[in-house]
Amino acid sequence: MSPLTLFARSDASTFRSENYKNRVFRKVSLEASSVLSSTKESRNRIGNRNHISSMGFDLPYIVGHVDEELICPICADILEDPVQSCGCEHAYCRACIDKWMQQKQICPVDRSDLLPGHLVPVSRLMRNMLSRLKIKCSFAENGCSQLLALEEYRSHVAGCEHNPKVVVECNKGCGMKVPKDELARHNCVFELRELVQNQMAEIAELKETQATQELRIVIQRRELELLQYYIAALRSTNPVMRNIGEQLDRYSLMQWGNGLPLANVRTWGSLISTPDTPMHVMVRDVLRTCGCPMHLLNLMVDPCHETRWPDALITLDARRENHHRLNQYVTRILPPLVSGKPCVVVLGGDNTHMPENLRPTLGLVMIFVDGVEEMLQEPLPDGEYI
Ligand SMILES: [Zn+2]
Ligand SMILES: [Zn+2]
Ligand SMILES: [Zn+2]
Ligand SMILES: [Zn+2]
């Protein structure tokens, strides 16, 4: 049988007559208090030499007369965050009654029905009475002379300079935060050695996790590549698979492209239209290092040469003719080639607004002599690219 049940049973008869109420009030409060505050007392014994209740404000610390209505019938302390039953109008600390109602759905004073929906804020009169009370700091015996309003009590006590558990910075040079009462036996070297050891253990653990994750990534990348080769094989024979494969390519290319910064091409005239083999190799390296999907590398490197460009770019004359449209391209900047030449990537998914004869199917890399810089503005919102 739980202590709460015990209490409810023993007080059932005691509370039958309202006349006895005041006489037994203290006794009931004590019993309830011993039940409900058992946790708070053990906590206080461990955590604090001073008594700080976890619910209700300690009655002995209140200065001056206290009206009995302001005492919680459960914890026998001053009401904290009070609520009342809309039926019998008895008031309790919210924390106390919540805990009580986990076991019993009755008022602990008069045993009238009490459901969570019956709890309402206490009257303005009661709130005013509570706000006029003054309470001593729990560390008054340690030398704190503050008199506090109830609402400032908790935050004051937590940071009170007389609270032996208040955390202070070590003044011997290590800069660690130590509870005040542990400062005397605090040893900077010992504490720091322990800290370093803990951190080293943590680092070792993180390195192990990292190694596992890296291995997992390598395995998954390999699986993905195999899957992509498989799809490539299927695509060559099946038109439905070809269509799905193309959608997947556009998707993975845009997933990659979205991570690249937008570029600003100032001089389209400096476009290199016929790169040689070493330049092709450099483009491939750049794409690989910046994470371009492996199976699309060739598809991206091959169209570096004008013969593979969309119709309206394919000759110098065509490019001159369409010069005014080139500025409408959305381009993304790649790391420069080893030779220092700037590169941009023009992705089909970024350029659905361009006419068909200027739009790359998937994407292409353009190499410039110079005149390309990173665009300093917000990236475009994700477009539809499937
Ligand atoms: Zn209470
Ligand atoms: Zn009641
Ligand atoms: Zn204080
Ligand atoms: Zn220290």
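Residues numbered from 1 in each chain as written. Chains lettered and ligands numbered in written order. Predicted model: local features only at pLDDT ≥ 70, side-chain atom pairs only at ≥ 80, totals over all residues.

1. Considerations on the overall build of the protein
Part 1: When its secondary structure is counted, the protein shows 12 helices and 14 strands.
Part 2: Out of the 386 residues belonging to the protein, those deemed buried represent 26%.
Part 3: Sequence-distant contacts in the protein: of pairs separated by 6 or more residues, those separated by 24 or more amount to 54%. (Helix = DSSP H or I, 4+ residues; strand = E, 2+ residues; numbered from the N terminus. Buried ≥ 20, exposed ≤ 12 C-beta atoms within 10 Å, placed from the backbone. Contact = placed C-beta atoms within 7 Å.)

2. Digging into the sheet that holds strand E3 (residues 91-93)
Part 1: With antiparallel pairing, the three strands of this open sheet are ordered in space as E3-E2-E4. Because the sheet does not close on itself, it has two edges, and the strands there are E3 and strand E4 (119-121). If you compare each strand with its neighbour and ignore which way they point, the axes differ by 45 degrees on average.
Part 2: Of the pairings in the sheet, the one linking strand E2 (residues 82-85) to E4 comprises three bridges and is antiparallel in character. Among the inter-strand pairings, valine 83 is bridged to a residue of E4, identified as proline 121. (Pairing = 2+ DSSP bridges. Axes fitted to C-alpha atoms, helices over the stretch in contact; angles between N-to-C directions.)

3. Points about the environment of cysteine 72
Part 1: By secondary structure assignment, the location of cysteine 72 is in the loop between strand E1 (62-63) and E2.
Part 2: Of the residues examined, cysteine 72 has 28 C-beta atoms within 10 Å and is grouped as buried.
Part 3: C-alpha of cysteine 72 to C-alpha of arginine 94: the two residues are 22 residues apart in sequence and 9.8 Å apart in space.
Part 4: Excluding residues within four positions of it along the chain, cysteine 72 makes contact with Gly56, Asp77, Leu79, Tyr92, Cys93 and Cys96.

4. Examining the UniProt feature "domain: RING-type" (unreviewed entry) in the protein
Part 1: Within this structure's numbering, the places UniProt gives as "domain: RING-type" (unreviewed entry) are residues 72-111.
Part 2: Across residues 72-111, helical content stands at 20% and strand content at 18%; the span's end C-alpha atoms are separated by 15 Å. (UniProt positions renumbered as here; feature names shortened; annotations may be inferred.)

5. Observations concerning the nonpolar core
Part 1: Core analysis: the largest hydrophobic core is formed by 33 residues, its most contacted members being Val283, Cys343, Val344, Val365, Met366 and Ile367.
Part 2: Every element with two or more residues in this core is listed here: helix H8 (239-257), strand E9 (262-265), helix H9 (277-289), helix H10 (297-301), strand E12 (343-347) and strand E13 (363-368).
Part 3: What valine 365 contacts, discounting residues up to four positions off in sequence, is Val283, Met300, Val301, Cys304, Leu334, Cys343 and Val345.
Part 4: Listed in part, the 27 residues of the second largest apolar core include Ile74, Cys75, Cys93 and Leu133. (Core = buried A, V, L, I, M, F, W, Y, C linked by C-beta atoms within 7 Å.)

6. Re H9
Part 1: Its 13 residues place the ends of H9 19 Å apart at the C-alpha level, agreeing with the 18 Å of an ideal helix rising 1.5 Å per residue.
Part 2: Listed as buried for H9 are Met279, Met282, Val283, Val286 and Leu287. Seen along its axis, H9 keeps its buried residues to an arc of 135 degrees; they face one direction. With respect to the buried face of H9, the exposed residues turned more than 90 degrees away are Thr277, Pro278, Arg288 and Thr289.
Part 3: Against the buried residues of H9 lie H10, strand E11 (331-334), E12 and E13.
Part 4: Just downstream of H9, glycine 291 is the residue with a positive phi angle, here 90 degrees. (Expected span 1.5 Å × (residues − 1). Arc of directions from axis to C-beta.)

7. Notes on the sheet that holds strand E10 (residues 271-272)
Strand pairing within a sheet occurs via backbone hydrogen bonds; the two strands may be parallel or antiparallel.
Part 1: The strand order E10-E13-E12-E11-E9-E14 describes an open sheet built from six strands, whose pairing is antiparallel. At either margin of the open sheet sits one strand with a lone partner, and together these are E10 and strand E14 (372-374).
Part 2: H8 contacts E11, E12 and E13 of the sheet and is inclined by roughly 140 degrees relative to E12.
Part 3: This element, H9, spans E11, E12 and E13 of the sheet and lies at about 120 degrees to E13.

8. What to know about the pairing of E2
Part 1: The pairing of E2 with E3 spans three bridges and is classified as antiparallel. Counterpart to glutamine 84 in the pairing with E3 is alanine 91.
Part 2: Taken together, E2 and the strand that follows it, E3, pair antiparallel across an intervening segment of five residues, in which glutamate 89 is found at a positive phi of about 65 degrees.

9. So, unusual backbone geometry
Part 1: At glutamate 89, a position not held by glycine, the phi torsion is positive, near 65 degrees.
Part 2: Considering the arrangement of structural elements, one finds glutamate 89 in the loop between E2 and E3.
Part 3: Looking at glutamate 89, the number of C-beta atoms within 10 Å reads 13, which means it is partly exposed.
Part 4: With a phi angle near 60 degrees, arginine 111 is a residue other than glycine that sits in the positive phi range.
Part 5: One can find arginine 111 in the loop between helix H4 (94-101) and E4.

10. Remarks on the UniProt feature "coiled-coil region" (unreviewed entry) in the protein
Part 1: In the numbering used here, UniProt assigns the "coiled-coil region" (unreviewed entry) feature to residues 189-216.
Part 2: Annotated as 100% helix and 0% strand, the span residues 189-216 places its first and last C-alpha atoms 40 Å apart.

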